[in-house]
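Commentary on secondary and tertiary structure
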Amino acid sequence: MKYNQSKTWYDWYNAGKQKFDQQRFTEAVTYFEKATQLNSNHYLSWLQLSWSLFYLERYEEGLVRLERALTLKPASIEAWYLRAKFYLLLERKEEAIANFRQLLALNNNASNVLGYKSQALYYLERYEEALKCVEKILELKPDDIYQWWNFQGDILNAMQRYKEAVFSFREALKINPNYLYATYGLGLVLYNIEEYQQAIVEFNKVLSQQPDSIQARYYRGVAFSTLELQEYSKAIEDFDKVLEQDPNYEDTWYYKAKTLFYQEKYEEAIASCEEALRRKPDCIKSRFARATVFQILKQYEKAMADFDAILDLNPDYLQALQGRGVTFIALKQYEKAITDFDALLDINPDYLEAWQQRGTALYYLREYPDAITSFNQALKLKPDPWSFYNRGCCYALEGENDKAVASLKEAIALDLSYLETAKTDTDFDSIRELPEFQAIIERQD
């Protein structure tokens, strides 16, 4: 580019500001660079240059230029805020936190810095204080008030005050219906309160204007994949598009695996779990999902290896203790199964499935009185037909005929399919000819 040498640094700065306001950031960088060359002591030229580079995602370059701005004006809250943002985007979290804290330590309570303070407090997860700052801003009714309603929604969402968050996002959209940040925020809150269909409506609005919005597509895919909606093909389509944009985005591989599992596409689900684990080897939920698929495919040794790895990472992960216990049963290692169920029940005595499967392991060991005790504990938590039926089997094998019949009646009353099972189950051979047993069969026939 050929420069007009008669222009002053201030001319270049003003030209840069004009381009910046037009969001023509590449041109703005050129003009601000020229301004700083002609006057290296103008704080705003360095600051605006840094912001331009920020919007161009040239974070390292922006950070270097920002150091000069802070040298010229060490008490600039805006500069400290921007530097913290650079650090966040460069995944230098500890330095970002230190900058936010430094920003809050600056003794500047002017109304125009409340916004920077509120955002610093938000990133430091000091949500109550951030909320108070935003409430003060809203009282001032600034020109960009819709942005502050939106930010209030973000804070309330982080605080899990979802109804209030919905109100804030809708207030933002009343003022500016085209403000997509608020549309996305509203969708996210609706997703969090499991209003999945409504959330999808909001994500659709975002994607109609910004087809490359990876966040909206990701959460729309997760909403589609829920058991409530079961729109699995749409979910997979969204996940694939997300992965085209960013193969490492959030937990996309995990959710894709989970969706493939629901579609009973087990080999593909395993492949997606492996992609997730290649990127995050310590991702417990991806490893658990793969272990579950291995169980279904009866690849028990592989399932066991995954459960072992999970419990190495988190010995108190209850689902893994349960899963490994069930796998031990499948491998006929009943004592080891009981050890896992006992460890689980020490942590959570109300874990229904652990009592049920503990009873199953004891049944296979022919320790029927102890199995009955486990099924009784399960029935205290939930009177389900499975526990009634298996307790009945144990009573029959122990020769407690009346209790066996009574327990079988309870099971059939809750689920008639257990009648057909009982007709051929050898556990009931000892009572099959009893009038009470025959009465059950005849009554149902």
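Procedures and definitions
- Residues numbered from 1 in each chain as written.
- Predicted model: local features only at pLDDT ≥ 70, side-chain atom pairs only at ≥ 80, totals over all residues.
- Heavy atoms only, no water.
- Helix = DSSP H or I, 4+ residues; strand = E, 2+ residues; numbered from the N terminus.
- Rg over C-alpha atoms; globule rule 2.2 N^0.38 Å.
- Buried < 20%, exposed > 50% of the residue type's maximum accessible area, 1.4 Å probe, protein only.
- Contact = heavy atoms within 4.5 Å.
- Areas by Shrake-Rupley, 256 points an atom, 1.4 Å probe, with all protein chains shown as cover.
- Lys, Arg positive; Asp, Glu negative; His and termini not counted.
- Charge placed at Lys NZ, Arg CZ, Asp CG, Glu CD.
- 1 Å grid on protein atoms, 1.4 Å probe; cavity = no way out; pocket = protein on both sides within 12 Å on 5 of 7 lines; lining within 4 Å.
- Points joined across faces, edges and corners; volume = space filled by probe spheres on them.
- Nonpolar A, V, L, I, M, F, W, Y, C, P; charged D, E, K, R; others polar.
- Expected span 1.5 Å × (residues − 1).
- Arc of directions from axis to C-beta.

Some thoughts on the overall build of the protein chain
- Within the protein chain, the secondary structure is distributed over 26 helices and zero strands.
- The C-alpha atoms of the protein chain give 31 Å as radius of gyration, which overshoots the globular expectation for 445 residues (22 Å, by more than 25%).
- A burial count over the protein chain gives 50% of its 445 residues as buried.
- In the protein chain, the share of contacts with a sequence separation of at least 24, taken over all contacts with a separation of at least 6, comes to 45%.
- With an accessible surface of roughly 23200 Å², the protein chain has 46% of that area assigned to carbon and sulfur atoms.
- Averaging the locations of the 53 positively and 68 negatively charged side chains of the protein chain gives two centres separated by 9 Å.

Examining the layout of surface pockets
- Empty space within the second largest pocket amounts to approximately 200 Å³.
- Together, Tyr254, Ala257, Lys258, Phe261, Tyr262, Ala269, Cys273, Lys285, Phe288, Ala289, Thr292 and Val293 line the second largest pocket.
- Every element with two or more residues in the lining of the second largest pocket is listed here: helix 15 (252–262), helix 16 (266–279) and helix 17 (284–296).
- Of the residues assigned to the lining of the second largest pocket, the class counts are nine nonpolar, one polar and two charged.

Looking at the environment of Arg391
- When you line up the elements, Arg391 lands in helix 23 (residues 385–398).
- Sequence separation of Arg391 and Thr373 is 18 residues, and the distance between their C-alpha atoms is 8.8 Å.
- If we ignore the near neighbours within four places in the chain, the residues touching Arg391 are Ile372, Phe375, Asn376, Leu379 and Ser407.

Notes on unusual backbone geometry
- Positive phi values are uncommon outside glycine, yet Lys141 reaches one of about 50°.
- You can see Lys141 is positioned in the loop between helix 8 (127–140) and helix 9 (145–158).
- Positive phi values are uncommon outside glycine, yet Gln230 reaches one of about 55°.
- By the element assignment, Gln230 lies in the loop between helix 13 (214–224) and helix 14 (232–245).
- On the basis of relative accessibility, which here comes to 46%, the residue Gln230 falls in the partly exposed class.

Description of the environment of Phe54
- For Phe54, the location among the structural elements is in helix 3 (residues 43–55).
- Put simply, Phe54 and Asn178 are 124 residues apart on the chain and 24 Å apart in space, counted from C-alpha to C-alpha.
- Apart from the residues within four sequence positions on either side, Phe54 is in contact with Tyr59, Leu82, Lys85, Phe86 and Leu89.

Examining helix 14
- Taking 1.5 Å of rise per residue, 14 residues should cover 20 Å, and helix 14 covers 20 Å from first to last C-alpha, within 8% of that figure.
- Listed in full, the buried residues belonging to helix 14 are Tyr232, Ala235, Ile236, Asp238, Phe239, Val242 and Leu243. Axial view of helix 14: buried residues confined to an arc of 165°, hence all on one face. Within helix 14, the exposed residues directed more than 90 degrees away from the buried face are Ser233 and Glu244.
- On its buried face, helix 14 is in contact with helix 13 and helix 15.

Concerning empty space enclosed by the protein
- With the rule as written, the count across this model stands at one cavity of 30 Å³ or more.
- Approximately 90 Å³ is the volume attributed to the largest cavity.
- Forming the boundary of the largest cavity are 13 residues, of which Glu250, Asp251, Trp253, Ala276 and Lys280 lie nearest the centre.
- Of all the secondary-structure elements, those providing two or more residues to the lining of the largest cavity are helix 15 and helix 16.
- When residues in the lining of the largest cavity are grouped by element, the largest group, three residues, is from helix 15.
- Split into classes, the residues belonging to the lining of the largest cavity amount to six nonpolar, three polar and four charged.

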